[in-house]
Amino acid sequence: MVATLSINLNAVAMLRNRRDLPWPSVTGLGRVALDAGASGLTVHPRPDQRHIRFSDLGDLRALIDDEFPQAEFNIEGYPSEEFLALVEKHEPEQVTLVPDDPAQNTSDHGWDFAKHKVNLTEVTKRLKSHGMRVSMFADPTPDGLEIAKETGADRVEFFTGPYGGAYADPKAQAHELALLERAALKAVELGLGINAGHDLTVANLPALVKIMPTLSEVSIGHGLTADALEYGMRLSVQRFIKALG
Ligand SMILES: CC(=O)[C@@H](O)[C@H](O)COP(=O)(O)O
Ligand SMILES: NCC(=O)COP(=O)(O)O
């Protein structure tokens, strides 16, 4: 099984928001990503709209519906009433529930499933009644996965931040991989589908997919955007030099 790649557009949106101008275009780069073979688009709108704006969601939904009907839209976020109303309006194929508080810089942990079981169960039922797949952001540990399953979740998305962050320390990286492998085995045993994301890169993906043969999807934003800048810089410099005459 080869995992599918969903492109997270948060980093592109953050660059766009530096100016009151429409570039880089979130929808335009979403189009490039899908045209290049990505299986879907991911966004993580935060309450302050500091990167993805709520108004981006309709544009991205239309892009997929009109031009890439086989692609999936994945919306991630904390299940506040505002978030739930957004996803009900834009009907992504997948909703990933993440335990972020509004002030958080980025996602840095999975759910405490025992503590939030009642709410997660209610929210999952609500989202699934609209036909959306529900995935839950989870730390790479078997603890709590049974409860995750009981909430009705279809999948868990393992938080790979510590794995990605261990890029300069092979021993720490191997340790994080072993944790991910153990957690994934438990998820498989429970019949939960597996997604993974956060700080994944071209360098750290091969080892991850090797220990997670049943991985369904990775969502990648920061590392992929950095890669696009690095590998696109030469061509862009040449284009600007040409524009100078
Ligand atoms: C849940 C997760 O790991 C990603 O959605 C991550 O939170 C991306 O969001 P930012 O781009 O805002 O860091
Ligand atoms: N769900 C993780 C995600 O969408 C992207 O995270 P990152 O690659 O921006 O760290």
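Residues numbered from 1 in each chain as written. Chains lettered and ligands numbered in written order. Predicted model: local features only at pLDDT ≥ 70, side-chain atom pairs only at ≥ 80, totals over all residues. Heavy atoms only, no water.

S.K.: Can you walk me through the sheet that holds strand β2 (residues 40-43) in this structure?
M.R.: The strands making up a sheet associate through backbone hydrogen bonding, with each pair oriented either parallel or antiparallel. Sheet architecture is closed into a barrel: eight strands sit in the order β1-β2-β3-β4-β5-β6-β7-β8, paired in parallel fashion. The sheet shows a mean angle of 25° between the axes of neighbouring strands, direction not considered. Two elements, β2 and strand β3 (residues 72-77), share four bridges in a ladder whose sense is parallel. Paired with Thr42 across the strands is Asn74, a residue of β3. On the sheet, helix α3 (residues 54-67) packs against β2 and β3 and is oriented at approximately 155° with respect to β3. (Pairing = 2+ DSSP bridges. Helix = DSSP H or I, 4+ residues; strand = E, 2+ residues; numbered from the N terminus. Axes fitted to C-alpha atoms, helices over the stretch in contact; angles between N-to-C directions. Contact = heavy atoms within 4.5 Å.)

S.K.: Looking at this model, I keep getting lost on the UniProt feature "active site" (unreviewed entry) in the chain. Mind explaining?
M.R.: UniProt's feature table lists "active site" (unreviewed entry) at His44, Glu76 and His198, given in the numbering used throughout. The named residues occupy 155 residues along the chain; their greatest pairwise C-alpha distance, 12.3 Å, places them in one compact cluster. When the annotated set is filtered for residues lining the second largest pocket, what remains is His44, Glu76 and His198. Position of Glu76 among the secondary structure elements: in strand β3. (UniProt positions renumbered as here; feature names shortened; annotations may be inferred. 1 Å grid on protein atoms, 1.4 Å probe; cavity = no way out; pocket = protein on both sides within 12 Å on 5 of 7 lines; lining within 4 Å.)

S.K.: Which parts of the structure should I look at to understand the site of ligand 1?
M.R.: Close to ligand 1 lie Asn8, Asn10, His44, Arg46, His51, Glu76, Val98, Thr106, Ser107, Phe137 and His198. Between ligand 1 and His51, the relevant distance is 2.9 Å, taken from an oxygen atom to a side-chain nitrogen or oxygen of the residue. At 2.2 Å, a side-chain N or O of Glu76 approaches an oxygen atom of ligand 1. The pocket occupied by ligand 1, as judged from atoms lying within 2 Å of grid points, is the second largest pocket. Per-class residue counts for the shell around ligand 1 are two nonpolar, seven polar and two charged. (Near = heavy atom within 4 Å. Polar contact = N/O pair within 3.5 Å; in protein donor to acceptor, adjacent residues only side chain to side chain. Sits in = over half its atoms within 2 Å of the grid points. Nonpolar A, V, L, I, M, F, W, Y, C, P; charged D, E, K, R; others polar.)

S.K.: How do you make sense of the UniProt feature "site: Transition state stabilizer" (unreviewed entry) in the chain when you look at a structure like this?
M.R.: Following the UniProt record, one finds the feature "site: Transition state stabilizer" (unreviewed entry) at Glu157. For Glu157, the position within the fold is in strand β6 (residues 155-159). Those residues within four positions of Glu157 in sequence are excluded, and the remaining contacts are Glu76, Thr96, Ser135, Met136, Phe137, Ala138, Asn195, Ala196, Gly197 and Ser219.

S.K.: Got a minute to help me understand helix α5 (residues 117-128) in this structure?
M.R.: Over its twelve residues, α5 runs 16 Å from end to end, which matches the ideal 16 Å to within 8%, given 1.5 Å per residue. The set of residues buried in α5 consists of Leu120, Val123, Thr124 and Leu127. Taken end-on, α5 shows its buried residues confined to a sector of 105°, consistent with a single buried face. Summarising the geometry of α5, the exposed residues directed more than 90 degrees from the buried face are Val118, Glu122 and Lys125. (Expected span 1.5 Å × (residues − 1). Buried < 20%, exposed > 50% of the residue type's maximum accessible area, 1.4 Å probe, protein only. Arc of directions from axis to C-beta.)

S.K.: So what exactly am I meant to see when it comes to the layout of surface pockets here?
M.R.: The gaps of empty space that remain are located by a probe, the size of a water molecule, rolled over the atoms. Approximately 880 Å³ is the volume found for the largest pocket. Lining the largest pocket are 26 residues, and of these Val12, Pro24, Leu29, Ala228 and Leu229 sit closest to its centre. Elements with a minimum of two residues in the lining of the largest pocket: β1 (4-8), α1 (10-16), α2 (26-35) and α10 (222-243). Considering every element that reaches the lining of the largest pocket, the biggest residue donor is α10, with nine residues. (Points joined across faces, edges and corners; volume = space filled by probe spheres on them.)

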